[in-house]
Amino acid sequence: MTIERRTLLRGLSAVPVAAGMTGLSGVESALADDVPAGFPQPTRHLQLYAVELPAYDDEVRLGYGHDPDKASYPGPTIEMLEGECIAITLHNEVSKETLQKLRTDKEIPLGVSLHPHGVRYNRTSDGTLHSNSYVAPGKKRTYIWYARPPARKRGIAGTAGYWWYHDHMVGTAHGTAGLNAGLYGALIVRRKSDPLPKHTYVTAMGDGMTLNGRRYPDTDTYDMENPKRSNTSIVANQGERIEFVNLALGSELHTWHLHGHNWADTRTGVISDVPWADDIRIIDNKTIGPGDSFGFQVIAGEMSGPGHWMLHCHLQTHSDMGMSTFFHVHKKNGDPPPGHPPNHDGHTGM
Amino acid sequence: MTIERRTLLRGLSAVPVAAGMTGLSGVESALADDVPAGFPQPTRHLQLYAVELPAYDDEVRLGYGHDPDKASYPGPTIEMLEGECIAITLHNEVSKETLQKLRTDKEIPLGVSLHPHGVRYNRTSDGTLHSNSYVAPGKKRTYIWYARPPARKRGIAGTAGYWWYHDHMVGTAHGTAGLNAGLYGALIVRRKSDPLPKHTYVTAMGDGMTLNGRRYPDTDTYDMENPKRSNTSIVANQGERIEFVNLALGSELHTWHLHGHNWADTRTGVISDVPWADDIRIIDNKTIGPGDSFGFQVIAGEMSGPGHWMLHCHLQTHSDMGMSTFFHVHKKNGDPPPGHPPNHDGHTGM
Amino acid sequence: MTIERRTLLRGLSAVPVAAGMTGLSGVESALADDVPAGFPQPTRHLQLYAVELPAYDDEVRLGYGHDPDKASYPGPTIEMLEGECIAITLHNEVSKETLQKLRTDKEIPLGVSLHPHGVRYNRTSDGTLHSNSYVAPGKKRTYIWYARPPARKRGIAGTAGYWWYHDHMVGTAHGTAGLNAGLYGALIVRRKSDPLPKHTYVTAMGDGMTLNGRRYPDTDTYDMENPKRSNTSIVANQGERIEFVNLALGSELHTWHLHGHNWADTRTGVISDVPWADDIRIIDNKTIGPGDSFGFQVIAGEMSGPGHWMLHCHLQTHSDMGMSTFFHVHKKNGDPPPGHPPNHDGHTGM
């Protein structure tokens, strides 16, 4: 229970409490009637807003946010503990005009939705057109997700893993335009025994994108003098346990490569002190197709030391195009690594 | 032995006994001379016919069948038990004219073949041009496959897995035209201890295809009032153990995603009640390249309940093109889920 | 220690000792000062030369070699034992003119580099532009790699695996032109308990290439009468333990398929005599994206017998283009398999 509380609190700390959620008491009683058979009562009720963000040139950009003024892409990372059930109310604040502009099929009604990977949900929380579980402009809808624990005696897998959530409605019945515009985010389901990282970074690989689903030159906003931690400023002090979550969207192949580090190809990237660990593959480059997501934990600069470590798609056409950023590992005391930080092309720096 | 018999019988039940195979006594004695050193005697002798099926417009479509009148694509699913050896006689009933039409290299003789994945076979059962193990029009040839059990003390892997078989001769020495036309099917090798599903569904992902290797609009022939079970009508009652086998052919990347369910990324998708299960990744979306095949078992609607659950390639260009169908999960009593079934575009349904 | 020595000796035997390396005593004392904190002293000091090789038509081809006169692509396979630290001095013998010809970005200085996968190294051994760890024409630079052993109580993965090394500097800051020209090789890190193969073959899959990173018609230089063992003449006697290492570069998807054999999808391809082996997937076709590498050991012709076994990318466009070769398995006594060897198209042979 201590671990559970710590985990939940940590999860909560990532979102504005006021707008983002309310306590147990805040779960609307009406909601209880909608909890599917076999699901426990939701322990938290999150608010999620789909909003329009500043465009790149003429390219529409959308984002999810617990607070409409703090929407982003990727959207806020949602953390759950295996065994937990949560409720999420999605508010569609994307204008009818924008949705019309993105729609490629006139037969599809206008709306946005929320479709999760990994967790269990009923058809009414599928976030799809045919199940009518989307949200029309100006409306809202509550989705219920259950991080079902394993039932191994029955051969049923659990939910712990690095997942993601996304729109399944904008543009086509598969949400192609919504995904491309930025309506996605990471979903982490932890097992009680999992170690907790010092910080989690989310990267996203999509068609013609840099990492973080960004367009060049926003790949890396790192400031060596004042290193803030965000998905566009991936920084750590040597020795910190850092978690990476990567998701892929769109229609292209990608491979995710990090310099100076490696990890076990397991559920968490951590290798246990167990005999079967000897059979497990260790990797530093992972093939990921659209819809896949994975994550792992590493000790920043373990043995490799401080440095601006490249993090890029290993498809040469993608990395050369700009699908590349840096994992900036500072010294244990927080001092920056030697030399100047590289620019987006990796041209400068000593 | 009880399990073995059950498994074999179940395997047999999927094919017309009369045309599809004969009992042990039916294995031609002549065949015995051809059984490779180290292989046990074949326990079954299947007949497989390669035939021409009705074309799409001008597109030639071919299929394998245990009965020439019942050929299909994917071809019949062949089930073996690890440790079993079987004989398969391939009859080439595809016309010389059709094979000439599909041939891109005049140096290659006309023929069809049978090349399996996973199982052991000698060079004479390779199904390739250079080994002369193909079948000319109007001729037949017997192939011998052995589902070699593990020899773990010697570090030798077994054969249990979700495999496939295909032509390696039509069009090019790699069977490119044969595969594209439909000459492929699933091959399941079970371990005695494996659970048996209530029903097995086979999907196939190829260039410009929908799932099931079909061309739109044949993706889903589901009838809610009279739900027949076939590879184009993927249906189950909530609580049933269902097996999915997916294979990829052609030259494109695909990812296989199922809504409302997840599975362990193991040999069977089932997670054992063992300590190492904690390190195993749970997935609901799997990257699959041409030549790969995988399968898993799930409990239909476990926690997620009845519904028309989307099953699609997560490459947005593929799903939008029509590489998408549904896993129709009825109620435990067989009653259909609420609302109307979605059409091929997922437009309708409540 | 006995095993370690055997392993190391085997590793050494693959490279010309005189030019390739010197004994422990030969590790320059100056080097000691550069050994990163936490790394043991290097046990070997390899020399590696980047040189220009004969072009295909106008296409520049480069290679790495322990001896400048013996450079090749893939470069020499480097073997390490988990726990070992080695030093490698890279000599850039590629002309300024050639590097200018390959450079696509005038802002990038001319040079070649050495970037490894899997092992630990400091920023000064990263082999990248921004870290100034590349080598200008006519210069040399020493890199230090550490095959860090597992620290499982701390959840830290080891290094044992099938990795690769490559240029990260030629053409672009990601080495795109260097990789395409041939500056890459396999890196094997063994665990003391790993079995040693009779022979190791390296294949490489890249854009528009055959296997072995070759251009047609150099795929297969096999001579049945006088079967030499090289990466373009993949041969074995039935029953020999053979190791395959495959790496992917460039920007395309590939799948690696071998006829007549299968292997466990583990770190080594060998399946242990342990309970968890039952959950491990057995494969004979593996999807591999750029930057990925994998390897496995098999017993040549185990049950499947002698034969010219196809080894090809299962993307039909790739295999038809020529990304296909053969694993020539001779009889136990070394006699060739029946029939004539196939040509590059697999047209001939009995």
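Naming follows an unreviewed UniProt entry, where chain A appears as Multicopper oxidase domain-containing protein of Solicola gregarius.

J.: Residue-level account of the overall build of chain A, with values.
T.: Along chain A, the regular secondary structure elements total six helices and 19 strands. Among the 350 residues that make up chain A, the fraction classed as buried is 68%. The contacts of chain A with a sequence gap of at least 6 include a subset with a gap of at least 24, amounting to 69%. Carbon and sulfur atoms make up 52% of the accessible area of chain A, which totals about 11500 Å².

J.: Now, about the sheet that holds strand β18 (residues 307-313) of chain C: what can you tell me, with residues and values included?
T.: Residues and elements named next belong to chain C. As summarised here, the arrangement of the five strands in space is β11-β19-β18-β13-β16, forming an open sheet in which the pairing is mixed. In this open sheet, the two edge strands, each paired with only one partner strand, are β11 (235-237) and β16 (285-288). Geometrically, the sheet is characterised by an average inter-axis angle of 20 degrees between neighbouring strands, direction not taken into account. For β18 and strand β19 (residues 324-330), the ladder comprises six bridges, and the chain directions are antiparallel. In the strand pairing of β19, His 308 is matched with His 328.

J.: Help me get a handle on the packing of aromatic side chains, residues and values and all.
T.: Per the counting criterion, the structure on display carries 42 aromatic pairs over all chains. Between Tyr 201 of chain A and Phe 244 of chain A, the aromatic rings sit 6.3 Å apart at their centres with planes inclined by 40 degrees, giving tilted as the arrangement. Taken together, the positions of Tyr 201 of chain A in strand β10 (residues 199-205) and Phe 244 of chain A in strand β12 (residues 241-248) put the pair 43 residues apart, joining distant regions of the chain. Look at Phe 244 of chain A and you get buried, because its relative accessible area is 2%. With a centroid separation of 6.4 Å and an interplanar angle of 10 degrees, the aromatic rings of Phe 294 of chain B and Phe 296 of chain B are classed as stacked. As far as burial versus exposure is concerned, Phe 294 of chain B and Phe 296 of chain B are alike and both buried. The cationic tip of Arg 61 of chain B hangs over the ring face of Tyr 73 of chain B; the distance from NZ or CZ to the ring centre is 4.2 Å.

J.: Help me get a handle on the confidence of the model for chain A, residues and values and all.
T.: Residues and elements named next belong to chain A. When pLDDT is averaged across chain A, the result is 88; 87% of the residues are at 70 or more. Across residues 1-27, confidence stays below pLDDT 50; counting only partners more than four residues off in sequence or on other chains, it has 43 contacts. Scored by ipTM, the complex comes to 0.91, with pTM at 0.92.

J.: Help me get a handle on the side chain of His 259 of chain A, residues and values and all.
T.: By the element assignment, His 259 of chain A lies in the loop between β13 (254-258) and β14 (263-264). Residue classification places His 259 of chain A among the buried positions, given a relative accessible area of 0%. Within the structure, His 259 of chain A has its side chain in polar contact with the side chain of Asp 126 of chain C (distance 2.9 Å). Not counting residues up to four positions away in its chain, the partners in contact with His 259 of chain A are Trp 309, Met 310 and His 312 of chain A together with His 115, Tyr 121, Asp 126, Thr 128 and His 168 of chain C.

J.: Provide a residue-level description of the domain arrangement of chain A, including the pertinent values.
T.: All names here are of chain A. Each domain of chain A was delimited in the assignment, giving domain 1 (3-190) and domain 2 (199-330). Of the residues lining the interface, 19 residues belong to domain 1; the matching set on domain 2 comes to 26 residues. In this assembly, domain 1 packs against domain 2 so that about 1700 Å² is buried in total across both faces, 55% of it on carbon and sulfur atoms. There are one salt bridge connecting domain 1 and domain 2. Residue Glu 243 pairs with Arg 190 through a salt bridge whose shortest N-O separation is 2.8 Å. Put simply, domain 1 and domain 2 have four residue pairs in polar contact (both at pLDDT 80 or more) between them. Looking at the side of domain 1 that touches domain 2, the elements that each hand over two or more residues are β3 (59-65), β8 (161-166), α5 (176-181) and β9 (184-190). When residues in the side of domain 1 that touches domain 2 are grouped by element, the largest group, five residues, is from β9. Across the side of domain 1 that touches domain 2, the residue classes tally to 11 nonpolar, four polar and four charged.

J.: So, the interface of chain B and chain A: which residues are in play, and what are the values?
T.: As a measure of interface size, the accessible area lost when the parts come together is often cited. Counting residues at the interface gives 54 residues for chain B and 57 residues for chain A. Carbon and sulfur atoms supply 50% of the area buried between chain B and chain A, which totals about 4400 Å² over both sides. In this assembly, chain B and chain A are joined by six salt bridges. A salt bridge links Asp 273 of chain B to Lys 153 of chain A; its shortest N-O distance comes to 2.7 Å. At the surface where chain B touches chain A, the tally comes to 37 residue pairs in polar contact (both at pLDDT 80 or more). Listed by contribution, the elements that provide at least two residues to the side of chain B that touches chain A are β13 (254-258), β14 (263-264), β15 (282-283), β16 (285-288), β18 (307-313), α6 (316-321) and β19 (324-330) of chain B.

J.: Please give an account of the sheet that holds strand β17 (residues 293-299) of chain A that cites residues and values.
T.: Residues and elements named next belong to chain A. Strand order in the open sheet formed by three strands is β10-β12-β17, with mixed pairing between adjacent strands. Each end of this open sheet is capped by a strand with a single partner; those strands are β10 and β17. Across the sheet, the mean angle from the axis of one strand to that of its neighbour is 20 degrees, orientation sign disregarded. In the sheet, β12 pairs with β17 via seven bridges, with the strands oriented antiparallel. When the bridges of β17 are listed, Phe 244 appears paired with Phe 296.

J.: Before we move on, could you go through the relation of the copies chain A and chain C and cite the residues and values that matter?
T.: Under the fitted operation, chain A is carried onto chain C by 0.0 Å of movement along the axis and a turn of 120 degrees, and the coordinates agree to an RMSD of 0.0 Å. A rotation of that kind, with that shift, is consistent with a three-fold axis. An overlap of only 9% is found between the interface residues of chain A and their copies at the interface of chain C, pointing to separate contact surfaces.

J.: So, the relation of the copies chain B and chain A: which residues are in play, and what are the values?
T.: The transformation that overlays chain B on chain A combines an axial shift of 0.0 Å with a rotation of 120 degrees, and the residual RMSD is 0.0 Å. With a heterologous cut-off of 20% or less, the 9% of interface residues of chain B that recur at the interface of chain A puts this contact in the heterologous class.

J.: Tell me about the interface of chain A and chain C, residues and numbers included.
T.: With 53 residues of chain A in contact, the opposing surface of chain C contributes 57 residues. Taken together, the connections running from chain A to chain C amount to six salt bridges. We note a salt bridge from Asp 265 of chain C to Arg 281 of chain A, for which the minimum N-O separation is 3.1 Å. Here chain A and chain C share 37 residue pairs in polar contact (both at pLDDT 80 or more) between them.

J.: Before we move on, could you go through the nonpolar core and cite the residues and values that matter?
T.: Residues Trp 145 and Phe 244 of chain A, Trp 145 and Phe 244 of chain B together with Trp 145 and Phe 244 of chain C are the most contacted members of the largest nonpolar core, which totals 201 residues. Look past the residues within four positions of Phe 244 of chain C in its chain and what remains in contact with it is Tyr 201, Ile 234, Trp 256, Leu 258, Phe 294, Gly 295, Phe 296, Val 298, Leu 311 and Phe 327 of chain C. Formed by 18 residues, the second largest nonpolar core is a distinct cluster that contains Tyr 73, Ala 186, Val 202 and Met 209 of chain C.

J.: Can you explain unusual backbone geometry? Please cite residues and give values.
T.: Residue and element names in this part refer to chain A. Along the chain, Tyr 73 connects to Pro 74 via a cis peptide bond; the corresponding omega equals -10 degrees. Take Pro 74: it is sitting in the loop between β3 and β4 (75-81). Although it is not a glycine, Asn 132 sits at a positive phi angle of roughly 55 degrees. Examined against the element boundaries, Asn 132 turns out to sit in the loop between β6 (115-116) and β7 (140-146). Among the residues examined, Asn 132 registers a relative accessible area of 35% and is labelled partly exposed. Here Met 303, not a glycine, exhibits a phi torsion of approximately 75 degrees, which is positive. Relative to the helices and strands, Met 303 resides in the loop between β17 and β18 (307-313).

J.: Hey, could you go over the side chain of Thr 268 of chain B for me, with residue numbers and the actual values?
T.: Residues and elements named next belong to chain B. On the secondary structure map, Thr 268 appears in the loop between β14 and β15. Judged by relative accessible area, Thr 268 falls into the buried class, the value being 9%. Among the polar contacts made by the side chain of Thr 268, one reaches the main-chain amide nitrogen of Val 270 at a distance of 3.2 Å. Not counting residues within four places of it along the chain, the set of residues in contact with Thr 268 comprises Tyr 162, Asp 194, Gly 295, Phe 296 and Gln 297.

J.: Account for the environment of Val 170 of chain B, naming residues and giving values.
T.: All names here are of chain B. Tracing the backbone shows Val 170 in the loop between β8 (161-166) and α5 (176-181). A residue is classified by how much of its surface remains accessible, and Val 170, at 2% relative accessible area, is buried. Along the sequence, Val 170 and Gln 100 sit 70 residues apart, while their C-alpha atoms lie 9.1 Å from each other. Once you skip the residues sitting within four places of it in the chain, Val 170 turns out to touch Leu 99, Leu 102, Gly 111, Val 112, Gly 175, Thr 176, Ala 177, Gly 178 and Leu 183.

Thresholds applied
Residues numbered from 1 in each chain as written. Chains lettered and ligands numbered in written order. Predicted model: local features only at pLDDT ≥ 70, side-chain atom pairs only at ≥ 80, totals over all residues. Heavy atoms only, no water. Helix = DSSP H or I, 4+ residues; strand = E, 2+ residues; numbered from the N terminus. Buried < 20%, exposed > 50% of the residue type's maximum accessible area, 1.4 Å probe, protein only. Contact = heavy atoms within 4.5 Å. Areas by Shrake-Rupley, 256 points an atom, 1.4 Å probe, with all protein chains shown as cover. Pairing = 2+ DSSP bridges. Axes fitted to C-alpha atoms, helices over the stretch in contact; angles between N-to-C directions. Phe/Tyr/Trp six-rings, centres within 6.5 Å; stacked < 30°, edge-to-face > 60°. Lys NZ or Arg CZ within 6 Å of the ring centre and 35° of its normal. pLDDT = per-residue confidence, 0-100. Polar contact = N/O pair within 3.5 Å; in protein donor to acceptor, adjacent residues only side chain to side chain. Domains from an automatic or database assignment. Buried area = accessible area lost by both parts, 1.4 Å probe. Salt bridge = Lys/Arg side-chain N within 4 Å of Asp/Glu carboxyl O. Nonpolar A, V, L, I, M, F, W, Y, C, P; charged D, E, K, R; others polar. Least-squares fit on C-alpha atoms with pLDDT ≥ 70 in both. Core = buried A, V, L, I, M, F, W, Y, C linked by side-chain atoms within 4.5 Å.

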